[in-house]
Amino acid sequence: MELRIGWLYPTLMSTYGDRGNVICLQQRCQWREITATVVPLDRQAEADLFKNVDIIVGGGAQDRQQEIVMRDLQGAKAENFRQRIEAGIPGVFTCGSPQLLGKYYEPALGQRIEGLGLLDLETKHPGINASRCIGNVVFELTASPLAEELREMLGKTPIALGFENHGGRTYLGNVSPLGKVIKGYGNNGEDGWEGAFYRHAIATYSHGPLLPKNPFLADWLIQTALKEKYQTPISLTKLDDSLALQARQAMFNRLELSSLVKNP
Ligand code: GLN
């Protein structure tokens, strides 16, 4: 079996270690003898490359880089990207990426950046004097059917851990939130929602990077990608995640959430 991991603009969009999501997916495939090829979807990439990927990963970016990306992500590239997500391939998009998958992002300074409109959400930065949303974030995954599938996989409520650092505040329209904030700001620090979930695309403010901190999400992405590609349900061999689980437990303890999350 083989998966092609499309990585959006690696040199422009990888803040706070988001490349760790790509490394995590590739490594968890390799441990299971699934060939995983990383395909950079950047300014040099032909539009057709966007058609030929099985998972898409997009990291965070600063406002300036987001603008450069959106000048390039137009026409056939944007259309092929949209078609792959609509067709159901999974993806994980962090911070600056979901802002660009939404309707628009209004930066602290400068012009509004029009997004792809794939997700019904809007993001506005309240200005250079507003404080940023920074810190560890913990949220319960609630989006359907993701939450049910994860609950079945884990045998318990799926809780994600991460780290957020954003100025933009995101407000959801007609799209499911990814989860409910337990600790941190999430989309805007007001309504208690974190991220968004559409088709099989996970949009989140959570860096960390997200997947090594929450390996069950990496496995959900791999499993979904294989199911979509080979059109048959595939169950993954279990890996030894004891180190990741210990790290999760340490973080839950530090955040004084150990009573809430009994089993990391
Ligand atoms: N530039 C965006 C913001 O500050 C995204 C930041 C990021 O991706 N970490 O809201």
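Preceding block: the structure.
The structure reproduced in this document is the subject of the present report. Computed from a predicted model, the values in this text were never measured in an experiment.

Section: the side chain of Asp219
(1) Moving on: Mapped onto the elements of the fold, Asp219 is located in helix H7 (residues 215–230).
(2) Moving on: A distance of 3.0 Å separates the side chain of Asp219 from the side chain of Arg32, its partner in a polar contact.
(3) Moving on: Non-local contacts of Asp219, meaning those with residues more than four positions away in its chain, are made with Arg28, Arg32, Met153 and Leu236.

Quick word on the site of the ligand
(1) Moving on: Inspection of the region around the ligand gives 17 residues, with Ala61, Asp63, Gln66, Cys95 and Gly168 positioned closest.
(2) Moving on: Gln99 is positioned with one of its side-chain polar atoms (N or O) 3.0 Å from an oxygen atom of the ligand.
(3) Moving on: When the ligand sits alone it has 300 Å² of accessible area, and the protein chains cover 100% of it.
(4) Moving on: Elements represented by at least two residues in the shell around the ligand include exactly helix H2 (63–72), helix H4 (96–101) and strand S9 (159–166).

Some details on the pattern of salt bridges
For side chains bearing opposite charge, pairing can occur when the charged atoms are close.
(1) Moving on: Under the counting rule described, the total for this entry stands at 12 salt bridges.
(2) Moving on: We note a salt bridge from Arg64 to Glu67, for which the minimum N-O separation is 4.0 Å. Of this pair, Arg64 and Glu67 both sit in helix H2, 3 residues apart, which is roughly one turn of the helix.
(3) Moving on: For Glu67, a relative accessible area of 34% translates into the label partly exposed.
(4) Moving on: Close ionic contact of Lys103 with Glu122 constitutes a salt bridge, the shortest N to O distance being 3.8 Å. Here Glu122 lies in strand S7 (residues 121–124) and Lys103 lies in the loop between H4 and strand S5 (104–106), a separation of 19 residues in the sequence.
(5) Moving on: The class of Glu122 is partly exposed, set by a relative accessible area of 28%.

Some points on the pairing of strand S8 (residues 133–141)
(1) Moving on: The pairing of S8 with S9 spans 8 bridges and is antiparallel. Counterpart to Val138 in the pairing with S9 is Leu161.
(2) Moving on: Looking at chain direction, S8 and strand S11 (residues 179–183) are connected through 4 bridges and run antiparallel. Each bridged residue has a counterpart across the sheet, and for Leu141 the counterpart in S11 is Gly179.

Some words on H7
(1) Moving on: The end-to-end C-alpha separation of H7 is 22 Å, in line with the 22 Å expected for 16 residues at 1.5 Å each.
(2) Moving on: Residues Pro215, Phe216, Leu217, Ala218, Asp219, Trp220, Leu221, Ile222, Thr224, Ala225 and Leu226 constitute the buried set of H7.
(3) Moving on: Immediately beyond the C-terminal end of H7, within one or two residues, lies Gln231, with a positive phi of roughly 50 degrees.

Conventions and cut-offs
Position numbers for residues start from 1 in each chain and track the written sequence from start to end. Whole-chain, interface and lining totals are the exception, using all residues; otherwise, since this is a predicted model, local features are given only for residues with pLDDT of at least 70 and side-chain atom pairs are given and counted only at 80 or more. Heavy atoms from the whole structure form the basis of all side-chain values; hydrogens and water molecules are not counted. Helix and strand labels come from DSSP, where a helix needs a run of H or I of at least four residues and a strand needs a run of E of at least two; each type is numbered from the N terminus. The definition of a polar contact used here is a pair of N or O atoms within 3.5 Å, where within protein one atom must be able to donate a hydrogen and the other to accept one, and adjacent residues in sequence count solely through side-chain atom pairs. Contacts: residue pairs with any heavy atoms within 4.5 Å of one another. Consider each residue's heavy atoms; a residue with any of them within 4 Å of a molecule or strand counts as near. All accessible areas in this document rest on Shrake-Rupley with a 1.4 Å probe, and a residue is counted as covered only by the protein chains that are shown. Just to be clear on terms, a salt bridge is a Lys or Arg side-chain nitrogen sitting within 4 Å of an Asp or Glu carboxyl oxygen. The cut-offs for exposure are 20% and 50% of the maximum accessible area for each residue type, with area from a 1.4 Å probe on protein chains only; residues under the lower value are buried, those over the upper are exposed, and the others partly exposed. Strand pairing is assigned whenever DSSP detects at least two bridges linking the two strands. To estimate how far a helix should reach, multiply one less than its number of residues by 1.5 Å.

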